[in-house]
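Fold and contact review
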Amino acid sequence: MVIRQISRRRFLQTGLCGLAAGAGLSLPLMLEPLPARALTHIRPPGALDAHAFDAACIRCGLCVEACPYDTLRLFDFDGSTQGGTPYFIAREVPCEMCPDIPCLQACPTGALDPGLDEINDATMGVAALSHPGLCNSYVGNSFCDRCVRACPLQGQAITLVIGPTPMGGLFTPVVDPDVCTGCGKCEHDCIAPSAAIRVVPRHV
Ligand code: SF4
Ligand code: SF4
Ligand code: SF4
């Protein structure tokens, strides 16, 4: 487990700013209402930006078939631009960050960019402690580092920062949005009944 000690001021800054910065969203944009699935449905690794992806994806489902963890599903063909395209929901089945990226290898159109050859460089989404009141460590109920231990990039994408929190705790999971891939393993493993740490998609 990786624990870092930083100042209270720095701790507050990182805890609050990571989500917006990492998702590439300005604060005003984050305050705009978004479709519910835009906050939970994450594209596979290597997905092009939203409009390019919707244009390039031929809805063949080969990425879904190739995924050894049954992470991926296809949107229903509901007449929307996203109908038939692949996604996953981190809380249900996260991406296991396969080194050989079989979903991408299977994609025949480049909707999943073949230029991504290192899974650690994927930018599926970005995690943040978006619901700190649900985090046992943050509110001081008990010590918990499940999200940190779940991360394939532990100590790089996420660290447990020690320092007093506004809710009476002593530890805060802090995500580096420049390193986080958005795999969702932290959100999946969070022991809170509804996750305290959540991934915002970058591409849907
Ligand atoms: S990297 Fe592996 S686990 Fe993740 S979506 Fe692709 S095939 Fe599935
Ligand atoms: S393999 Fe590529 S083209 Fe086929 S559904 Fe997946 S992303 Fe779309
Ligand atoms: S989504 Fe969570 S588990 Fe995955 S890389 Fe980011 S911090 Fe780590």
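Attention in this report is confined to the structure presented alongside it. (Residues numbered from 1 in each chain as written. Chains lettered and ligands numbered in written order. Predicted model: local features only at pLDDT ≥ 70, side-chain atom pairs only at ≥ 80, totals over all residues. Heavy atoms only, no water.)

Things to note about the site of ligand 1
Just so we agree on the cut-off: For this description, a residue counts as near a given molecule or strand if any of its non-hydrogen atoms is within 4 Å of it. Ten residues, namely Ala, Val, Leu, Ile, Met, Phe, Trp, Tyr, Cys and Pro, are considered nonpolar, four, namely Asp, Glu, Lys and Arg, are considered charged, and the remaining ones, Gly among them, are considered polar.
Inspection of the region around ligand 1 gives Pro45, Cys67, Pro68, Tyr69, Thr71, Leu72, Cys95, Glu96, Cys98, Pro102 and Cys103 as its neighbouring residues. When the residues that make up the shell around ligand 1 are grouped by side-chain class, the tally is nine nonpolar, one polar and one charged.

Focus on the sheet that holds strand β4 (residues 86-89)
Keep this limit in mind: In this scheme, strands are said to pair when DSSP sees at least two bridges between them. A run of H or I in DSSP becomes a helix once it reaches four residues, and a run of E becomes a strand once it reaches two; helices and strands are each numbered from the N terminus.
Pairing within the open sheet is antiparallel, and its three strands lie in the order β2-β4-β3. Both edges of this open sheet fall to β2 (41-42) and β3 (73-74), since each of them pairs with a single strand only. Direction of pairing for β2 relative to β4: antiparallel, over a ladder of two bridges. Counted as the bridge partner of Ile42 is Phe88 from β4.

A short note on the pairing of strand β5 (residues 125-128)
Rule in force here: Classification of residues uses two cut-offs on accessible area relative to the type maximum, computed with a 1.4 Å probe and protein chains only: under 20% is buried, over 50% is exposed, and between them is partly exposed.
Taking every second residue as pointing to the same face, both faces of β5 are buried, with Gly125 and Ala127 on one and Val126 and Ala128 on the other. As judged from the four bridges shared by β5 and strand β8 (residues 198-201), these two strands associate in the antiparallel manner. Note on β8: the bridge partner recorded for Gly125 is Pro201.

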